[in-house]
Amino acid sequence: MPTVEELYRNYGILADATETAGQHKDAYQVILDGVKGGAKEKRLAAQFIPKFFKHFPELADSAINAQLDLCEDEDVSIRRQAIKELPQFATGDNLPRVADILTQLLQSDDSAEFNLVNNALLSIFKMDAKGTLGGLFSQILQGEDIVRERAIKFLSTKLKTLPEEVMTKEVEEFILTESKKVLEDVTGEEFVLFMKILSGLKSLQTVSGRQQLVELVAEQADLEQTFNPSDPDCVDRLLQCTRQAVPLFSKNVHSTKFVTYFCEHVLPNLSSLTTPVEGLDIQLEVLKLLAEMSSFCGDMEKLESNLKKLFDKLLEYMPLPPEEAENGENAGNEEPKLQFSYVECLLYSFHQLGRKLPDFLTAKLNAEKLKDFKIRLQYFARGLQVYIRQLRLALQGKTGEALKTEENKIKVVALKITNNINVLIKDLFHIPPSYKSTVTLSWKPVQKADASQKRASEDTTSSSPPKKASAGPKRDARQIYNPPSGKYSSNLGSFSYEQRGGFRGGRGRGWGGRGNRSRGRIY
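Quick caveat, the model's predicted, so the values are computed rather than measured.

K.L.:
Explain the overall build of the chain here, please?
P.N.:
A tally of helices and strands in the chain yields 20 helices and two strands. Pairs at least 24 apart in sequence give 75% of the contacts found in the chain among residues at least 6 apart.

K.L.:
Before we go on, may I ask you to explain the packing of aromatic side chains in this structure?
P.N.:
What characterises a pair of aromatic rings is the spacing of the ring centres plus the angle enclosed by the ring planes. Within this structure, the stated rule accounts for 16 aromatic pairs. Ring geometry for Tyr11 against Phe52: centres 5.4 Å apart, planes inclined by 65 degrees, an arrangement best described as edge-to-face. Here Tyr11 is found in helix 1 (residues 4-17), whereas its partner Phe52 is found in the loop between helix 3 (39-51) and helix 4 (60-71), with 41 residues between them in sequence. In this structure an aromatic cluster arises from ring pairing among Tyr8, Tyr11, Phe48 and Phe52.

K.L.:
Mind showing me how you'd approach the side chain of Glu178 here?
P.N.:
For Glu178, the position within the fold is in helix 10 (residues 169-182). Those residues within four positions of Glu178 in sequence are excluded, and the remaining contacts are Phe137 and Leu141.

K.L.:
Is there a simple way to explain the pattern of salt bridges in this structure?
P.N.:
It is possible for side chains of opposite charge to pair when their charged atoms get near one another. Following the criterion strictly, the structure yields 19 salt bridges and no others. A salt bridge links Lys36 to Asp33; the shortest N-O distance between them is 3.8 Å. When its relative accessible area of 53% is taken as the criterion, Lys36 is described as exposed. Asp33 sits in the partly exposed class, given a relative accessible area of 25%.

K.L.:
Looking at this structure, I do not really get the packing of helix 14 (residues 256-266) against helix 15 (residues 282-294). What am I missing?
P.N.:
Between two packed helices, both the angle of their axes relative to each other and the distance between the axes serve to describe the pair. Put simply, helix 14 and helix 15 touch, their axes get as near as 9 Å, and they point 145 degrees apart. The way helix 14 lies across helix 15 gives a crossing that is left-handed. For the pair formed by helix 14 and helix 15, the contact residues are Phe258, Val259, Phe262 and Val266 on the first element and Val286, Leu289, Leu290, Met293 and Ser294 on the second. Taken together, the residues that form the contact of helix 14 with helix 15 break down as eight nonpolar, one polar and no charged.

K.L.:
It is not clear to me how helix 17 (residues 340-354) should be interpreted in this structure. Could you clarify?
P.N.:
Within an α-helix, residues lying three or four positions from one another point in the same direction, as the helix has 3.6 residues per turn. Taking 1.5 Å per residue, 15 residues should reach 21 Å; helix 17 reaches 20 Å between its end C-alpha atoms and fits that length. In terms of burial, helix 17 is largely enclosed, as 15 of its 15 residues are buried.

K.L.:
Help me out: how do you make sense of the environment of Lys54 in this one?
P.N.:
Along the polypeptide, Lys54 turns up in the loop between helix 3 and helix 4. C-alpha separation for the pair Lys54 and Gln88, spaced 34 residues apart in sequence, amounts to 8.7 Å.

K.L.:
How should I be thinking about the packing of helix 2 (residues 25-33) against helix 3 in this particular structure?
P.N.:
Viewed as axis vectors pointing N to C, helix 2 and helix 3 meet at an angle of 140 degrees, and their least axial separation amounts to 8 Å. Our classification of the angle between helix 2 and helix 3 gives oblique. Here helix 2 and helix 3 pass one another in a crossing that is left-handed. Facing helix 2, whose interface residues are Tyr28, Ile31 and Leu32, helix 3 presents Ala45, Phe48 and Ile49. Across the contact of helix 2 with helix 3, the residue classes break down as six nonpolar, no polar and no charged.

K.L.:
Would you mind going over helix 19 (residues 367-395) with me for this structure?
P.N.:
For helix 19, built from 29 residues, the straight-helix expectation of 42 Å at 1.5 Å per residue is met to within 8% by its first-to-last C-alpha distance of 41 Å. Within two residues after helix 19, Gly397 carries a phi angle of roughly 80 degrees, on the positive side.

K.L.:
Can you help me understand the nonpolar core in this one?
P.N.:
In globular proteins that are soluble, nonpolar side chains generally tend to be buried together. By size, the foremost hydrophobic cluster in this structure holds 152 residues, and its most contacted members are Tyr28, Ile49, Leu102, Phe258 and Phe350. Ranked by the residues each element gives to this core, the list is headed by helix 17, at nine residues. Not counting the four nearest positions on each side in its chain, Leu102 is found in contact with Ile83, Leu86, Val117, Ala120, Leu121 and Ile124.

K.L.:
For this particular structure, what's the right way to read unusual backbone geometry?
P.N.:
Glycine aside, the phi torsion of most residues is negative, and most peptide linkages are trans. Of note, the bond from Ile431 into Pro432 is cis; its omega dihedral lies within 30 degrees of zero at -5 degrees. Its place among the elements puts Pro432 in the loop between helix 20 (406-429) and strand 1 (478-480). Phi is positive for Thr18, which is not a glycine, with a value near 45 degrees. When you line up the elements, Thr18 lands in the loop between helix 1 and helix 2. With a phi angle near 60 degrees, Asp222 is a residue other than glycine that sits in the positive phi range. Note on Asp222: relative accessible area 33%, which makes it partly exposed.

K.L.:
Looking at this structure, how should I read the environment of Glu6?
P.N.:
Here Glu6 lies in helix 1. Residue class for Glu6 comes out partly exposed when judged on its relative accessible area of 29%. Sequence spacing of Glu6 and Val30 is 24 residues, and the spatial spacing of their C-alpha atoms is 8.0 Å. The residues contacting Glu6, other than those within four sequence positions of it, are Met1 and Val30.

K.L.:
Which parts of the structure should I look at to understand the state of the cysteines?
P.N.:
Simply put, the disulfide is a covalent bond whose two ends are the sulfur atoms of two cysteines. Taken as a whole and assessed by the stated rule, the structure comprises zero disulfides. For Cys263, which is in no disulfide, the shortest distance to another cysteine sulfur is to Cys297 and amounts to 7.6 Å. Judged by relative accessible area, Cys263 falls into the buried class, the value being 0%.

K.L.:
How should I be thinking about the side chain of Asn420 in this particular structure?
P.N.:
Along the polypeptide, Asn420 turns up in helix 20. When residues no more than four places from it in sequence are discounted, the contact partners of Asn420 are Glu344, Val439, Thr440, Leu441 and Ser442.

Criteria and cut-off values
In every chain, residue numbers begin from 1 and rise along the written sequence. Whole-chain, interface and lining totals are the exception, using all residues; otherwise, since this is a predicted model, local features are given only for residues with pLDDT of at least 70 and side-chain atom pairs are given and counted only at 80 or more. Side-chain numbers here rest on the full set of heavy atoms in the structure, without hydrogens or water. The helix count covers DSSP runs of H or I at least four residues long, the strand count covers runs of E at least two residues long, and both are numbered beginning at the N terminus. Residue contacts follow a heavy-atom distance rule, with two residues in contact if any of their heavy atoms lie within 4.5 Å. Any two rings among Phe, Tyr and Trp, with Trp reduced to its six-membered ring, count as a pair given centres within 6.5 Å; such a pair is stacked if its planes are under 30 degrees apart, edge-to-face if over 60, and tilted if neither. Salt bridges are identified by distance alone: a Lys or Arg side-chain nitrogen within 4 Å of an Asp or Glu carboxyl oxygen. Partly exposed residues are those whose accessible area sits between 20% and 50% of the maximum for their type, while under 20% is buried and over 50% is exposed, using a 1.4 Å probe and protein chains only. Angles run from 0 to 180 degrees between N-to-C directions of axes, and those axes are lines fitted to C-alpha atoms, restricted for helices to the stretch in contact. If you view the pair so one helix is near and one far, a crossing is left-handed when the near helix is turned anticlockwise from the far one by less than a right angle, and right-handed when it is turned clockwise. The classification used treats Ala, Val, Leu, Ile, Met, Phe, Trp, Tyr, Cys and Pro as nonpolar, Asp, Glu, Lys and Arg as charged, and all other residues, Gly among them, as polar. One less than the residue count of a helix, multiplied by 1.5 Å, gives the span that helix is expected to have. Roughly parallel here means an angle under 35 degrees, roughly antiparallel means over 145, roughly perpendicular means 65 to 115, and every remaining angle is called oblique. Each nonpolar core is a collection of buried residues, namely Ala, Val, Leu, Ile, Met, Phe, Trp, Tyr and Cys, held together in the definition by side-chain atoms within 4.5 Å. Here, a disulfide means two cysteine sulfur atoms that sit within 2.5 Å of each other.

Structural data, given as structure tokens:
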């Protein structure tokens, strides 16, 4: 094993030789042998090996392997030095291999080391983006779980930081092609990250690009398969995919396939849906997604049939007035419970799809059914007026901080819900029924720009190794309004507030329990 002095002497020989350094193979071999020495020798070897690497193509494998040994050294300072110099080996055919190695090194839990790996990957990205991506995707497809997870996270956070001259159309096409291979077998959490990666690509910002993404999501959602409402994974998969599709829909990119599937397969099974996500009102979640999609539904093949399914489901949540006894009192023990959150979603969806078949209520329903519907609407509207007055009274004069209390925030949302239903019911009471009014769904922010044009917000890039992901992607809090039962109740204490749950992905679950892959170092 060479000493520090011998390493410096052979370094001098190669440095003095400049462009003819390749003639001094023995001197370079001495430097390669430095990796077998002590800490000082290793630190020098970590710097000297890459410096003269280009002069000895016949020793490329030996040099890279020597540097890799240093990347795995017990001494953290030696590892950091060796990793820092790795981009110097990324020349020609060696670049994909170096990218592959760096990707495996993402599993480091040392923050400084992890940052060096990230920086090294970014630097070789700028040399050859496709070659670097080849190494990253190789590990995503075949690497260990921790490497796969961090490689996907790297792509989801770093690609957007690269300049346009690096992220060319050809590079983006390569990312799309490789991503499709990965999407054949992913967990829900991984799917969300890949949708974030793909939706951030410039070439997919166009109408045709977004259409491609919708088709990808539809394929992942498996809309051709029979829907099993009692299988939590099946339900979760559909919901998670639909959540990814919703921001892509617009007046030019239609939601027809998803809306059709929800009407034909999900609505009839609404009451039997199951989910592993604790505290999630799965039925309301489904109805909210349907409502959001209904605005962008195109021409539907079985429109009348699906509108009938939607109408029937709406009727379930719009009760008839309680029967009155001879003395004028209610014959029943209690008033029907008015589920405003559900009705807002169903009424909005019906209103949106009803525009496509405006004579549905007058020509497609018999007179008895139409009369029954109007009685239900009227009863609901009377209850609405009471709650709207109560809510306005409760919020009267409150501004600023007072409106930020948990109780008042819920009341504000409740007022949005009841106002929305009120507007839609008024439309349907027109003769003939009208579908002209426009409302903003209670959980959606009021925006000047078309919400469909908004893209997912960017995550803040962490400078330390990623921690284990939480149970599911964070979702905005959704307020659910459960009004007090009883038409004229003045009790406003029955509001409830829930978090909207997200997909809680876990490896080995039904969606994307991936097969066995190779383990260990595969440099």
